[in-house]
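Each chain is listed here by its residues.
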Amino acid sequence: MTSAMLRNVRFNSTESMKISHEQEQELLVNQRKNRPVSPHLQIYQPQLTWYLSGLHRVTGVAMSGAFYALTVTYAASALLGFPFEASTLVSAFAGLPFAVKLGAKAAMAFPFTFHSFNGLRHLVWDFGKELTLKGVYRTGYIVLALTGVFGTYLTFF
């Protein structure tokens, strides 16, 4: 039985129609073929919530990746016998030019502060606070301001 035939069938409350599993499956496949495609990101206007959500995920993945890379390097150095210790890192960092040190510190400080403050923002939401549109934007701008202040502080001091 085709979907066109099923559209024209009327059911009474006492009347029922029995269809086979194959007909049911065919009906579902035809319905899925006629579904509209979900809108893509290009249709929607970018919003603060988009950016902060994406940035929170990116900073989390980047920081955890860096943490695991450092941890694996420490473990591999112990197993393979090459020198990789905290003193090695400190001496290598001390030998870098000032601009490179500043850039490295900023590359670590800003993602860390953003992810931390945005995580606190999510905890506030978990308590059921600031869930209005105005509250979401207010806390988003607060997170950005705190990231700027504390990220700059950690970079230069």
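Throughout, residues of each chain are indexed from 1 in the direction in which the sequence is written. Predicted model: local features are reported for residues with pLDDT of at least 70 only, side-chain atom pairs are reported and counted for 80 or more only, and whole-chain, interface and lining totals are derived from all residues. As a rule here, side-chain values come from all non-hydrogen atoms in the structure, and water together with hydrogens is ignored.

S.K.: Account for the layout of surface pockets, with residues named and values stated.
M.R.: Grid points spaced at 1 Å and placed over the protein atoms alone form the basis of the search, with a cavity being a set where a 1.4 Å probe fits but cannot get out and a pocket an open set showing protein on both sides within 12 Å along at least five of seven lines. Lining residues have an atom within 4 Å of a point. Grid points are joined across faces, edges and corners, and a volume is the space filled by probe spheres set on the points. Roughly 360 Å³ of volume is contained in the largest pocket. A62, M63, A66, F67, L70, L89, F93, A107, M108 and P111 together form the lining of the largest pocket. Going through the elements one at a time, α3 (48–80), α4 (86–94) and α5 (98–126) are the ones with two or more residues in the lining of the largest pocket. Residue contributions to the lining of the largest pocket peak at five residues, all from α3. In this classification, the charged set is Asp, Glu, Lys and Arg, the nonpolar set is Ala, Val, Leu, Ile, Met, Phe, Trp, Tyr, Cys and Pro, and all remaining amino acids, among them Gly, are polar. Of the residues assigned to the lining of the largest pocket, the class counts are ten nonpolar, no polar and no charged. Put simply, DSSP marks the helices as runs of H or I at least four residues long and the strands as runs of E at least two long, and each gets a number from the N terminus on.

S.K.: Now, about the packing of aromatic side chains: what can you tell me, with residues and values included?
M.R.: Pairs were defined over the aromatic rings of Phe, Tyr and Trp, the Trp ring being its six-membered one, requiring ring centres within 6.5 Å. Orientation was assigned from the angle between planes: stacked under 30 degrees, edge-to-face over 60, tilted for the rest. For the coordinates displayed, the defined rule picks out five aromatic pairs. Centroid distance F67 to Y68: 5.5 Å. Interplanar angle 65°. Geometry classified as edge-to-face. The rule is simple: take the accessible area with a 1.4 Å probe, protein chains only, and divide by the maximum for that residue type; under 20% is buried, over 50% is exposed, in between is partly exposed. Residue Y68 is classed as exposed on the basis of its relative accessible area of 54%. Pairing F117 with F150 gives two aromatic rings, centres 5.4 Å apart and planes at 50°, and the pair type is tilted. In this pair, F117 is assigned in helix α5 and F150 in helix α6 (residues 133–156), connecting sequence segments 33 residues apart.

S.K.: Tell me about the UniProt feature "binding site: heme" (unreviewed entry) in the chain, residues and numbers included.
M.R.: Here, the residues flagged by UniProt with the feature "binding site: heme" (unreviewed entry) are H115. On the secondary structure map, H115 appears in helix α5. In contact with H115, not counting residues within four places along its chain, are H56, T59, G60 and M63. UniProt positions are given in the numbering used here, feature names are shortened, and annotations may be inferred rather than shown by experiment. When checking whether two residues touch, look at their non-hydrogen atoms; a contact exists if any pair is within 4.5 Å.

S.K.: Lay out the pattern of salt bridges with the relevant residues and their values.
M.R.: What makes a salt bridge here is a side-chain nitrogen of Lys or Arg within 4 Å of a carboxyl oxygen of Asp or Glu, nothing more. The tally for this structure, following the rule as stated, stands at one salt bridge. In this structure, R138 engages E130 in a salt bridge whose closest nitrogen and oxygen atoms are separated by 2.7 Å.

S.K.: Lay out the UniProt feature "transmembrane region" (unreviewed entry) in the chain with the relevant residues and their values.
M.R.: Within the UniProt annotation, "transmembrane region" (unreviewed entry) is assigned to residues 65–84, 90–114 and 135–156. Between the end C-alpha atoms of residues 65–84 the distance is 18 Å, and the span holds 80% helix and 0% strand. As a span, residues 135–156 carries 100% helix and 0% strand, and end to end its C-alpha atoms are 31 Å apart.

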